[in-house]
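So the chains spell out like this:
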Amino acid sequence: MKRLGDIQVQAVMTMSIKTYSELITLPTFEERFCYLKLDGSVGKETFGFKRWLNQEFYHSDKWLKFRDEIIIRDEGCDLGVPGYEIFGSILVHHLNPITYEDLLNRSPCVFDPENVICTKLNTHNAIHYGDESLLLLPPVQRTQNDTCPWRKQ
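Residues numbered from 1 in each chain as written. Predicted model: local features only at pLDDT ≥ 70, side-chain atom pairs only at ≥ 80, totals over all residues. Heavy atoms only, no water.

Undergrad: Teacher, can you tell me more about the confidence of the model for the protein chain here?
TA: Predicted coordinates in areas of low pLDDT are best not read in detail. Chain-level statistics for the protein chain give a pLDDT mean of 81 and a share of 76% at 70 or above. The low-confidence segment residues 1-14, where pLDDT is below 50, has 0 contacts with residues more than four positions distant or belonging to other chains. (pLDDT = per-residue confidence, 0-100. Contact = heavy atoms within 4.5 Å.)

Undergrad: I'm lost on unusual backbone geometry in this one. Help?
TA: Excluding glycine, a negative phi dihedral is what most residues carry, and trans is how most peptide bonds are arranged. At Glu75, a position not held by glycine, the phi torsion is positive, near 55°. Structurally, Glu75 can be placed in the loop between helix 5 (61-73) and strand 1 (91-94). (Helix = DSSP H or I, 4+ residues; strand = E, 2+ residues; numbered from the N terminus.)

Undergrad: Just checking my understanding: could you explain the packing of aromatic side chains for this structure?
TA: Centre distance and the angle of the planes are the two values used to describe a pair of aromatic rings. By the definition in use, this model includes 8 aromatic pairs. Measuring from centroid to centroid gives 5.1 Å for Tyr58 and Trp63, while their planes differ by 85°, and the two rings are edge-to-face. Of the residues examined, Tyr58 reaches a relative accessible area of 24% and is grouped as partly exposed. Aromatic ring contacts, followed pair by pair, group Phe57, Tyr58, Trp63, Phe66 and Phe111 into a single cluster. The lysine or arginine in question, Lys62, covers the ring of Phe111, its NZ or CZ lying 4.5 Å from the ring centre. The ring of Tyr20 is capped by Arg73, whose NZ or CZ atom sits 3.5 Å from the centre of that ring. (Phe/Tyr/Trp six-rings, centres within 6.5 Å; stacked < 30°, edge-to-face > 60°. Buried < 20%, exposed > 50% of the residue type's maximum accessible area, 1.4 Å probe, protein only. Lys NZ or Arg CZ within 6 Å of the ring centre and 35° of its normal.)

Undergrad: Please clarify how the nonpolar core should be interpreted in this entry.
TA: For soluble globular proteins, the rule of thumb is that nonpolar side chains tend to be buried together. With 15 residues, the main nonpolar core has Phe57, Ile70, Val92, Leu103 and Cys118 as its most contacted residues. Elements with a minimum of two residues in this core: helix 4 (51-58), helix 5, helix 6 (100-104) and strand 2 (116-119). Top element by residues in this core is helix 5. It accounts for 4 residues. What Phe57 contacts, discounting residues up to four positions off in sequence, is Trp63, Ile98, Leu103, Val110 and Phe111. (Core = buried A, V, L, I, M, F, W, Y, C linked by side-chain atoms within 4.5 Å.)

What follows is the structure in structure tokens.
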């Protein structure tokens, strides 16, 4: 039993807590995505049979007010990066995933502005599944003859 306790303590000590303040020091969208990606698996249940609590929470007046404040803070930009304005639905993503217990116990992390960022659906899914192919990135800037290395520019 003591050994299991040692393992749990070690896991907590090696887990890094992500913060909005740290995230916004990263200048590019790609760097912010790499900071946030979770490498989860598709189909892994979130809240399982207790998903009703999750859904009830995200429709509460308190969450909707908090969500509006975060959208204003991030100026409606994907991962808060200027130039990545979100046209359509905006999700507010928890940097450090919340749990059923966090919602039940009204943990401060649920409404902590340091624990959330604006995203669009594709970005949100890419973060959770670690799948960069889901991201809609701007086109690469092309230059004359950049695909013909034998030609001088």
